[in-house]
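Residue-level listing of the chains:
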Amino acid sequence: MIEFAEKVNFDIVLADHQNYYPDLTFICKGNPEIKYAVDIKTTFRKGKKGGDAVFTLGSHAGYFTHRTSKKNIQYPYQEYKAHFVLGIIYDRNEKADEREIYKLSDLDKINSVIKNLKVFFTEKWKIASDKQGSGNTANIGSVKSLSDLVNGTGKFTKYEDGEKLFDDYWMNYGKITITDKEGKTHKITTLAEFIKYRGGIKE
């Protein structure tokens, strides 16, 4: 990663704190106003055939909504030209026993706890879903399909200005109250309802 950055004339800045976004900031040496965010995400394959995986893609509150904020982020969100995910998907090796003790001479016999790594690199909005990534925190969830993750063909890529829709939806997630046909109110937490609320958006 460092060698690549040097070849393309970028410096890499690591996050100052563990809970800061992003993991890596690429800053152009010739123009420090050009910054790219890279977050490193890992998860294991899920589903009966191992065809699913889910990532959390960072907060949709705080710095994501207030884009000049410096709280829990290396640089204000709006200063980044684009936001990328370096994703790593793997299988868990259920046969590996982490409690087993080995001698140095047995290093080649140690079973790895993970296997079948798949690595991809794409813009964050391209693999986002319209659901939270976890129930108790304000995190953006990814799509589940391995194919969509690796190819960057998530929920918002179906629309003409998908990145703008992604920002608009997640900045307003759970904040807009609507009334259904029965007169009951609820917060908008699906993309279909949000698009209808906005008056329709071109695919």
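Whatever comes next refers back to the structure up there.
So, here is what we can say about the structure in this document. Keep in mind that this is a model prediction, so the values were computed, not measured.

What counts, and where the lines are drawn
- Residues numbered from 1 in each chain as written.
- Predicted model: local features only at pLDDT ≥ 70, side-chain atom pairs only at ≥ 80, totals over all residues.
- Heavy atoms only, no water.
- Salt bridge = Lys/Arg side-chain N within 4 Å of Asp/Glu carboxyl O.
- Helix = DSSP H or I, 4+ residues; strand = E, 2+ residues; numbered from the N terminus.

## Topic: the pattern of salt bridges
As enumerated under the stated definition, the model contains 9 salt bridges in all. Note that Lys155 and Asp130 form a salt bridge whose closest N and O atoms lie 3.7 Å from each other. Remark: Asp130 occurs in strand β7 (residues 128-132) and Lys155 occurs in the loop between α2 (146-151) and α3 (162-171); sequence separation between them is 25 residues. For Asp168, the salt bridge goes to Arg198, with nearest N and O atoms at 2.8 Å. You can see Asp168 sitting in helix α3 and its partner Arg198 sitting in the segment after α4 (191-197), a full 30 residues away along the chain.

## What about unusual backbone geometry?
Note that the residue after Tyr21, namely Pro22, is joined by a cis bond; omega there is -10°. As for its placement among the helices and strands, Pro22 is situated in the loop between β1 (10-14) and β2 (24-28). Phi is positive for Asn116, which is not a glycine, with a value near 55°. Mapped onto the secondary structure, Asn116 falls in strand β6 (residues 114-123).

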